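Residue-level structure breakdown
Each chain is listed here by its residues.
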Amino acid sequence: MYIGKARAYTNIALIKYWGKKDEHLILPMNSSLSLTLDAFYTETSVHFDETLTEDLFFLDGEKQNAKQTAKISKFLDLVRQKQNLSLFAKVDSKNFVPTAAGLASSASGLAALAGACSEALDLQLSEPELSRLARRGSGSACRSIFGGFSQWQKGDSDQTSFAQEIPSDNWENELAMLFVLVDDGVKDISSRDGMKRTVETSSFYSGWLETVEADLATAKQAIAEKDFHKLGEVTEANGLRMHGTTLAAVPPFTYWSPESLKVMQLVRSARQQGLPCYFTMDAGPNVKILVEKKNLTMLKRLLADHFSEQQLITANAGPGISLIPVERSEEV
Ligand code: ADP
Ligand code: DP6
């Protein structure tokens, strides 16, 4: 029996990954940049065991259906191939983040799975190698190997597409991200399906590709200069452009809800009142607001008139992936 367990935190992209040029290898159309957060994470253990007759996947204590388990098996096959191993595995995962609600459970989930497998089979991977492995599970997961800011360099092959930490002199510790949970239910269109439809059918997609690398350069410059306004402006503009592409897809779709628009408007009005803060959204209706920690209390006060305390979750910059010692009781 081979056992490993890992914890990985979610990350939210400031410059989004949106579109694949290779769906099998999960090679992205564009590079992206994110902030790993401390509020949401996944813990996953994996047991490769000779007594198992199939792969088993438990999420939050519940045995998952064939479709979800097949996704996990596909990932396990990658690591089994590396070690020439034919054992089935039991994967037991706990999300400390709502699943499939646009809060990046796929990033923390697949990064934790990659870390647990690497530990179980003693793969001895370097950080870029672990990032490449996580990428094969879910693109955004490759950034969750690292704490703070990280950049996923798109590359043009399996070898060259991975994330790296962006040095920031700990500036991320002066920032916060406020999550406004307008709906934590499972979304109708997954990130995977949404980006595929957009790449294949959206007449706006070429506009996305024309601008995203310049956005990335601006974001990196803002981090180097610790320029919050520059980082916030490019984050908000980039997110809006990503969401713009979905409107021209066939059939068109949007992840926005009326509540999301309300939050966007509140952010704009906070800025008009002199409080610098900027929003971004992913494949779901929840809104994330980038703000300097010194202004967080004020921002929460403004939002408290419209949203309950439970709907407002503060995240700080979070750490990279970590291994967890496996307790004896978990070994069976
Ligand atoms: P999200 O916004 O939460 O990342 P996605 O649609 O991108 O939503 O991804 C959700 C999918 O990620 C789930 O359907 C599941 O396949 C996968 N996933 C989520 N959490 C885990 C986990 N802990 N372990 C393995 N896979 C997970
Ligand atoms: C909008 O990484 O979940 O959150 O690679 O198909 O698993 P797959 O997609 P996923 O997509 C994330 C999309 C996004 C933007 C981002 O995180 O960069």
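All of the points below concern the structure found in this document. (Residues numbered from 1 in each chain as written. Chains lettered and ligands numbered in written order. Predicted model: local features only at pLDDT ≥ 70, side-chain atom pairs only at ≥ 80, totals over all residues. Heavy atoms only, no water.)

1. Description of the overall build of the chain
As a reminder, the rule being used: By the criteria applied, helices consist of DSSP H or I runs no shorter than four residues and strands consist of E runs no shorter than two, each listed in order from the N terminus. Radius of gyration here is computed from C-alpha atoms only, and the compact-globule reference equals 2.2 Å multiplied by the residue count raised to the power 0.38. With a 1.4 Å probe rolled over the protein chains alone, any residue whose accessible area is under 20% of its type maximum counts as buried; one over 50% counts as exposed, and the rest are partly exposed. We call two residues in contact when some of their heavy atoms are within 4.5 Å.
Each helix and strand in the chain was counted, giving eight helices and 14 strands. On C-alpha atoms alone, the chain measures out to a radius of gyration of 19 Å, which is about the 20 Å that the 2.2 N^0.38 rule sets for 332 residues. Overall, the chain is about 65 × 40 × 40 Å in size when its C-alpha atoms are taken along their principal axes. The buried share of the chain, reckoned over its 332 residues, is 55%. Contacts spanning at least 24 positions in sequence make up 76% of the contacts within the chain whose residues lie at least 6 apart.

2. Here we look at helix 8 (residues 296-304)
What counts here: What the arc describes is the spread of directions from the helix axis to the C-beta atoms.
Taken residue by residue, helix 8 has Leu296, Leu299 and Leu303 as its buried positions. Along the axis of helix 8, the buried residues cluster in a sector spanning 65 degrees; they form a single face. Exposed residues on helix 8 whose side chains face more than 90 degrees from its buried face are Thr297 and Arg301. Looking at the buried residues of helix 8, the elements they touch are strand 10 (175-180), helix 7 (258-272), strand 11 (277-281), strand 12 (287-292) and strand 13 (312-316).

3. What about the packing of helix 2 (residues 105-120) against helix 3 (residues 127-137)?
Filter applied, for reference: Think of each axis as a best-fit line through the C-alpha atoms, taken over the contacting stretch in the case of a helix, with angles from 0 to 180 degrees between the N-to-C directions. These descriptions rest on fixed angle ranges, namely under 35 degrees for roughly parallel, over 145 for roughly antiparallel, 65 to 115 for roughly perpendicular, and the rest for oblique. Crossing handedness is defined as follows: a turn of the near helix away from the far one that is anticlockwise and smaller than a right angle gives a left-handed crossing, while the clockwise case is right-handed. Following the grouping adopted for this structure description, the nonpolar residues are Ala, Val, Leu, Ile, Met, Phe, Trp, Tyr, Cys and Pro, the charged ones are Asp, Glu, Lys and Arg, and the polar ones are all others, Gly among them.
Between helix 2 and helix 3, the shortest axis-to-axis distance is 8 Å and the interhelical angle comes to 125 degrees. Viewed along their axes, helix 2 and helix 3 adopt a mutual orientation that is oblique. Along this stretch, helix 2 crosses helix 3, giving a crossing that reads as right-handed. On helix 3, the residues that touch Leu110, Ala111, Ala114, Gly115 and Ser118 of helix 2 are Leu130, Leu133, Ala134 and Gly137. Split into classes, the residues belonging to the contact of helix 2 with helix 3 amount to six nonpolar, three polar and no charged.

4. A few points about the state of the cysteines
Our working rule: Whenever a pair of cysteine sulfur atoms sits within 2.5 Å, that pair is classed as a disulfide.
What the rule picks out here adds up to zero disulfides. No disulfide involves cysteine 142; its sulfur sits 17 Å from the nearest other cysteine sulfur, which is in cysteine 117.

5. Brief notes about unusual backbone geometry
Between valine 250 and the following residue, proline 251, the backbone shows a cis peptide bond with an omega angle of -10 degrees. By the secondary structure assignment, proline 251 is in the loop between helix 6 (228-247) and helix 7. Its identity as a non-glycine residue notwithstanding, glutamine 124 has a phi of 55 degrees, on the positive side.

6. What to know about the site of ligand 2
Basically, it comes down to this: We define proximity as follows: a residue is near a molecule or strand when any one of its heavy atoms falls within 4 Å of that partner. Within 3.5 Å is the distance limit for a polar contact, defined as a pair of N or O atoms, with the added protein rule that one can donate a hydrogen and the other accept it, and that residues adjacent in sequence qualify only through two side-chain atoms. To measure how exposed things are, a 1.4 Å probe is used in the Shrake-Rupley method; for residues, cover is taken only from the protein chains shown.
Taken together, 17 residues are adjacent to ligand 2, and Tyr17, Lys20, Ser138, Ser140 and Arg192 come closest. In the environment of ligand 2, an oxygen atom lies 2.6 Å from a nitrogen or oxygen atom belonging to the side chain of tyrosine 17. One of the side-chain N or O atoms of aspartate 282 is found 3.2 Å from an oxygen atom in ligand 2. Contact with the protein chains covers 94% of the free accessible surface of ligand 2, which is 460 Å². Broken down by element, the residue count for the shell around ligand 2 peaks at three residues, all from helix 4 (residues 191-201).

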